[in-house]
Structures are given as structure tokens and as C-alpha cells.
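Topology and contacts: notes
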Amino acid sequence: MTKILQINDLTYRKNNQTILKNVNLSLDKGHFVGLAGANGAGKTTLMRLIVGVAKGYQGGIVVNGQPADVARKSFVSYSDELRGFKDSTSIKDIQLFYRLVYPDFDSERYQELAEFLNLTGTKRLGSLSKGMRERLMIALTLARKAPLYLLDEPFSGIDVMSRKKIVRGMLNWVDQSSTVIISSHHLEEITNILDTLVIIKDQTIFDCRSTDELVEQEHCSVEEYFESIYDTLPEDDVQK
Amino acid sequence: MKFKDNIPIYLQIKTFINRKIISGEYPLGTKIPSVRDLSLQLEVNINTIQKALNELVQEQIIFTKRGRGNFVTTDAHLVAQLKAQLIHQTLENMDESLQAMGLSNQEIAHYLKLYTQERMGLDDQNFTN
């Protein structure tokens, strides 16, 4: 079985608003997938649906052959902005919590990641800068040995120099058979490590293609293509 | 490695490996770095590296020994062909750019000669310094 994720006719409404409709997506094991879309397009919502945090959808979501919420949670590593931890919690305690809750949490790998990302265990969650908090989420997420990783805008608060180093490091930290989905506004920073691009637009999957095929077929860079599909909108909408 | 963003990365990796083979950095019949090492060295996804290598295998520039990795062809003739092909391609690109500036064949030959002479002069200077 090579499929890691299979989404069939997924529709999701919240407060009488359609967030996603008729989403169909099929991803194989062992890929780096970029998830792109304007603000509010539904990237975070899609991730929350995949991992099973957002409920009340129509359609089917199957992860690693398993449709049940509980099974999905065990196969997907996703940090959901560290919701649920108090500001006074130390990094060390969060790490212990992860080790307790997730059987696939690899403490040794976490230590390596923490060192690579310059995290200090004694610091408390509330005292962390945005960038440090993001580093912690990356370390916690990748320290699990899961077949599917979801990273939602993982680098937005991290300085440019470290960002490059971390993006490169991702290639090293993830097992060959695992798939990583990374959402980002800055596609040019991650295109080298991606092999697939998924674009969400108009509440559904607008495009899902190999990045090399995309460049070959559209005769432009991945970012240029992504920008071009928004060109037809009025300027106000583009800037939103 | 810095890649051009308007050319598929796997094609740029093919060129990268072809150049190493032509220059002799990857000698005939020797093992080339593993997919994983190339991935870390070039900072590119493993699937992209694999795609480039698959095409090179199809073109018989490299061959796979099961469980032992990828090796450069032992066929010197094939590498000579590849070299001729890459030289031709490079010159063709240059020729196209110069023609687009309205230069005649004669002018192109003239400037190319001039450029080579200048460069040789510089090399000599560097050498004597």
C-alpha cells in the first residue's frame, strides 16, 4: 500500500459558511508536499480535518488506510500551535508530555532536533519568541516517527538565515517512507525540497502536481505559477 | 546548490551529474554518491534525485548494481558522445543569444576569438604572477 492520504468528496461548513467543498486529494508515501493558498483559503482547516481535530465534515478522509479519527491521530504528527499548554509550562515538561502521549515519540531524535534548533529545555512556553515557539513545534512534530507530518506555516517567525538551515535539515530529519505536508506563503524558500505542490483556491483543490512537471508544463517557476492564478482577481482581493 | 527556478530541478541535477562524469570527477565505472547523499549535498528531495538518476540509467550514462548503488558507465565512447552533445548545447545557447543581438556568423566568430585571446592573456598573467 503506497497511499498515505486519500480524501474523497470532502465538504466542510462552519457557522453556515462553506470552508471547503468537493475536496479530492490522493498522496503517496515518501513525498514532500507544499500546500499553497491565499490567507483564509482553508490550508489550516484542511490540516485540522486530516488529523481529526476538526469534526463534522462530509466525505471521507483515510490516512494510511485507516478512516477512524483515533487511528488518524496516531499516524499524523501535527502540533496544532501547542494549544492546551499553559504559558508557565517548561519546554522540558512539554517534551515529557509528548513522550507519554505518543508512543512513536523518539526522545533521542528530539534531543538532536532541539540541539539543531537551539532550544533550551528550562525555558517556559510563555517566555518564547514567535520564532522560538515555531522551532519548538518543529522539533516536537518531527521527533515523532509518523508516516505523515503536517507543518502549518512552520517558518513564518523564524529569521531568514536559520530558515534556510532548517528547510535543508528537514531532508535529514524525515524518514524516506514518510510524507510531509508543509503550508507556506513563501514557496520559493521550500521549492527545492518539495516534489509535489497542492494549491487550494475557491474552497477546493485547484491543482495537485509534481513540481518538476509544473515547471515543465507551465514554463515558469512554481512561485510565478502560483502568483499567476491570482492575477485575474481585483487588486483588493489579492492583497487580503 | 543554487538552482534556476524556471527549469525543472531534476533536469538541472542531470546536467550536474553529466558534468561531473565528463570532467572525470566521477570516473568511468566508479560508484557515484548515494541518492541520500546527493539529496543532502544538493539540498533537494530524494524523489527529485531519483527521477534524475532514473533518466540517466535509461540513457545508459549510469547503471544500477542491485543493493550496491549507481555506477558511471564504463563505455568511454558514450561519455565522449555526451561531452560532444553538452558542448554543442552550450555553444548553441551562446550562439542564439548572440544572434538575437543581430550579430553575423563572422562577427560571432570574431568576438569569440577575441574573448578567448583575452582570457588566455589573463590566464598567462595569473600564471606569471
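Computed from a predicted structure; not experimentally measured.

1. A closer look at the domain arrangement of chain B
All names here are of chain B.
- Segmentation of chain B into domains returns domain 1 (9-74) and domain 2 (77-128).
- Together domain 1 and domain 2 conceal approximately 640 Å² of surface at their shared face, both sides included; 90% is due to carbon and sulfur atoms.
- Joining domain 1 to domain 2, the criterion identifies zero salt bridges.

2. With respect to the interface of chain A and chain B
- Facing 21 residues of chain A, the contacting portion of chain B comprises 19 residues.
- Taking both partners together, chain A and chain B bury about 1,600 Å²; carbon and sulfur atoms supply 46% of that area.
- At the junction of chain A and chain B, the tally comes to one salt bridge.
- A salt bridge links glutamate 43 of chain B to arginine 168 of chain A; the shortest N-O distance between them is 3.3 Å.
- Linking chain A to chain B there are ten residue pairs in polar contact (both at pLDDT 80 or more).
- Elements supplying a minimum of two residues to the side of chain A that touches chain B: helix H6 (160-173), helix H8 (211-218) and helix H9 (222-228) of chain A.

3. A word on the UniProt feature "domain: ABC transporter" (unreviewed entry) in chain A
- In the numbering adopted here, UniProt assigns the feature "domain: ABC transporter" (unreviewed entry) to residues 5-227 of chain A.
- Between the C-alpha atoms that bound residues 5-227 of chain A the distance is 27 Å, and the span itself is 37% helix and 26% strand.

4. Let's talk about the pattern of salt bridges
- This structure, assessed with the given rule, holds 16 salt bridges over all chains.
- A salt bridge links lysine 55 of chain A to aspartate 69 of chain A, with the nearest nitrogen and oxygen atoms 3.1 Å apart. On the criterion of sequence distance, the pair formed by lysine 55 of chain A in the loop between helix H1 (43-51) and strand S4 (58-63) and aspartate 69 of chain A in helix H2 (residues 69-75) is long-range, its members being 14 residues apart.
- Glutamate 59 of chain B is the salt-bridge partner of lysine 14 of chain B, the closest N and O atoms lying 2.7 Å from each other. Residue lysine 14 of chain B is located in helix H1 (residues 9-23), and its partner glutamate 59 of chain B is located in the loop between helix H3 (46-58) and strand S1 (62-65); the two are separated by 45 residues in the primary sequence.

5. Some thoughts on the sheet that holds strand S6 (residues 148-152) of chain A
All names here are of chain A.
- Pairing in this open sheet of six strands is mixed, and the strands run S5-S6-S7-S3-S8-S9 from one edge to the other. Because the sheet does not close on itself, it has two edges, and the strands there are strand S5 (76-77) and strand S9 (204-210).
- Strand direction decides the pairing type here: S6 and strand S7 (residues 179-183), joined by five bridges, are parallel. Considered in S7, the bridge of leucine 150 is made with isoleucine 181.
- Together, strand S3 (32-36), S5, S6, S7 and strand S8 (196-201) form the strand contacts of H1, whose direction differs from that of S6 by roughly 150 degrees.

Criteria and thresholds
- Residues numbered from 1 in each chain as written.
- Chains lettered and ligands numbered in written order.
- Predicted model: local features only at pLDDT ≥ 70, side-chain atom pairs only at ≥ 80, totals over all residues.
- Heavy atoms only, no water.
- Domains from an automatic or database assignment.
- Buried area = accessible area lost by both parts, 1.4 Å probe.
- Salt bridge = Lys/Arg side-chain N within 4 Å of Asp/Glu carboxyl O.
- Contact = heavy atoms within 4.5 Å.
- Polar contact = N/O pair within 3.5 Å; in protein donor to acceptor, adjacent residues only side chain to side chain.
- Helix = DSSP H or I, 4+ residues; strand = E, 2+ residues; numbered from the N terminus.
- UniProt positions renumbered as here; feature names shortened; annotations may be inferred.
- Pairing = 2+ DSSP bridges.
- Axes fitted to C-alpha atoms, helices over the stretch in contact; angles between N-to-C directions.

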